[in-house]
Amino acid sequence: MATWSRLLGVTTALTLAIGVAAGCSSDDSGMTSDGKVAVVASTNVWASVAGAVGGEHADVSALYTSADGDPHEFEANAKDTAKVADAGVVVLNGGHYDAYMESAPKNSDAIVINAYEIMEGDEHSDDHDSHDHDSDHEEGDHSHAPGAVNEHVFYNLTAVGEVANRIANALSEKDPANEQYFRDNAGAFNDQINELHAELAAIKAANPGATVAQTEPLAGYLLAEAGLDDVTPAGLQDAVEAGQSPSARDVAATQELISGRGVRALIYNTQAVDDGTKALLAIADKAGVPVVNLTETFPAGHGAEGGAGPSNGVTNYIDWQRANVEALTSALAASANSTR
């Protein structure tokens, strides 16, 4: 997402292959030379979901795999564009989060899985064409108030589970002989999603009325399901999302929330760091407010010093979100103990 004054540059995108041999190429049908469905996802997070469903019968790759920088700002090169054009199934976040995938030319037979549209219940989310939806989803149309609709669909566990089901449908259409395999994998993935739902329900039961703040409007869906009240000023979140500088009033209000321990934890996006977020981090450290490091792609162990969060080496969606939920649980427990 946009930040107050970007300090972290976007690193060169690498290609992540999940369970595939190097050198496989796809034909016009979106199948590789060794008979697997060619799947291309915008980020390693969505590639992980696709890989969990496709398993050994899918050739899954991601365009953006960096643990630094901002996926919003990624610009695809010719090689990336060719991968998308050759894919039989394309998995993207949507909602202008990965605009390069929304606009990239696609195979006429490709099945496009748009997580944002699925989350919103868009009746066209399963269309096999690559219509441009800019007219329907102009930037700025959606509120980023805590818990409201925003483009970070990968923090909405229910939506991610449904994306897995849609991927199973798409892969089954491309490779009917392995339909049961894909559906079984999607079912197993959703069983693990349900375990995460239970962990969030436990947070909600143990922390009624708990408040938190975020440096970016990143994890609103996760926080809302956990029953946590994100009291970050809406003006600050709106400004950050729009790539504008927050008002002095909103910055001061956020700083006061943290310094006065008006929140139980600070949710810190380690991929959107600038002078403003660093200032909030320093205030949290001084005030003794626990920090939870969250990311937009799989982390590389570079979180805020002293903050809780997933460690380096996380390579799949379930482990990533389980670590996020556990970090949130620990932070809330620590803040509760410090006030007793």
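What counts, and where the lines are drawn
- Residues numbered from 1 in each chain as written.
- Predicted model: local features only at pLDDT ≥ 70, side-chain atom pairs only at ≥ 80, totals over all residues.
- Heavy atoms only, no water.
- Salt bridge = Lys/Arg side-chain N within 4 Å of Asp/Glu carboxyl O.
- Helix = DSSP H or I, 4+ residues; strand = E, 2+ residues; numbered from the N terminus.
- Buried < 20%, exposed > 50% of the residue type's maximum accessible area, 1.4 Å probe, protein only.
- Phe/Tyr/Trp six-rings, centres within 6.5 Å; stacked < 30°, edge-to-face > 60°.
- 1 Å grid on protein atoms, 1.4 Å probe; cavity = no way out; pocket = protein on both sides within 12 Å on 5 of 7 lines; lining within 4 Å.
- Points joined across faces, edges and corners; volume = space filled by probe spheres on them.
- Nonpolar A, V, L, I, M, F, W, Y, C, P; charged D, E, K, R; others polar.
- pLDDT = per-residue confidence, 0-100.
- Contact = heavy atoms within 4.5 Å.
- Pairing = 2+ DSSP bridges.

**Focus on the pattern of salt bridges**
Working definition: two side chains of opposite charge can pair if their charged atoms are close together.
Alright, step 1. According to the stated counting rule, one finds four salt bridges in the structure shown.
Alright, step 2. Across the pair Glu162 and Arg166 runs a salt bridge whose closest N-O atoms are separated by 2.8 Å. Here Arg166 and Glu162 lie together in helix H5 (residues 157-174), a separation of four residues that amounts to about one turn.
Alright, step 3. When its relative accessible area of 30% is taken as the criterion, Glu162 is described as partly exposed.
Alright, step 4. Residue Arg166 is classed as buried on the basis of its relative accessible area, which comes to 18%.
Alright, step 5. Note that Arg183 and Glu179 form a salt bridge whose closest N and O atoms lie 2.9 Å from each other. With Arg183 and Glu179 both in helix H6 (residues 179-206), this residue pair falls four residues apart, about one helical turn.
Alright, step 6. According to the relative accessible area criterion, Arg183 is partly exposed, its value standing at 33%.
Alright, step 7. Residues joined by salt bridges that share partners form a network here, namely Glu195, Asp319 and Arg322.

**Description of the packing of aromatic side chains**
Alright, step 1. Using the criterion set out here, one finds 10 aromatic pairs in the structure.
Alright, step 2. Between the aromatic rings of Phe74 and Tyr100, the centroid separation amounts to 4.6 Å while the plane-to-plane angle is 75°, which identifies the pairing as edge-to-face. Of this pair, Phe74 sits in the loop between strand E3 (58-64) and helix H2 (78-86) while Tyr100 sits in helix H3 (residues 99-103), and the two are 26 residues apart along the sequence. In terms of burial, Phe74 and Tyr100 fall into one category: buried.
Alright, step 3. When the centroid spacing of 6.3 Å and the interplanar angle of 40° are considered together, the rings of Phe154 and Trp320 count as tilted. Of the two residues, Phe154 is situated in the loop between helix H4 (115-120) and H5 and Trp320 in helix H11 (residues 317-338); the sequence distance between them amounts to 166 residues. Each member of the pair, Phe154 as well as Trp320, carries the same accessibility label: buried.

**Some points on empty space enclosed by the protein**
If a probe as big as a water molecule is rolled over the atoms, it shows which places are left empty.
Alright, step 1. Per the stated rule, a full pass over the model turns up two cavities of 30 Å³ or more.
Alright, step 2. Counted as a void, the second largest cavity has a volume near 30 Å³.
Alright, step 3. Forming the walls of the second largest cavity are Leu222, Leu223, Ile267, Val292, Leu294, Asn324 and Leu328.
Alright, step 4. Of all the elements in the fold, those that place two or more residues in the lining of the second largest cavity are helix H7 (220-225), strand E9 (291-294) and H11.
Alright, step 5. The class makeup of the residues in the lining of the second largest cavity is six nonpolar, one polar and no charged.

**Describing unusual backbone geometry**
Alright, step 1. Phi angles above zero are rare outside glycine, and His96 is one such case at about 70°.
Alright, step 2. Locating His96 in the fold gives a position in the loop between strand E4 (89-92) and H3.
Alright, step 3. Although it is not a glycine, Arg261 sits at a positive phi angle of roughly 55°.
Alright, step 4. Structurally, the position occupied by Arg261 is in the loop between helix H9 (248-259) and strand E8 (265-269).
Alright, step 5. Its relative accessible area of 34% is what places Arg261 among the partly exposed residues.

**Regarding the confidence of the model for the protein**
Alright, step 1. Across the protein, the average pLDDT comes to 83, with 78% of residues at or above 70.
Alright, step 2. Low pLDDT, under 50, characterises residues 301-307; the predicted model gives this stretch 13 contacts beyond four residues in sequence or across chains.

**Structural notes on the pairing of E4**
Alright, step 1. Side-chain alternation along E4 places Val89 and Val91 on one buried face and Val90 and Leu92 on a second face that is also buried.
Alright, step 2. Note that strand E2 (residues 37-43) and E4 share three bridges and pair parallel. Counted as the bridge partner of Val39 is Val89 from E4.

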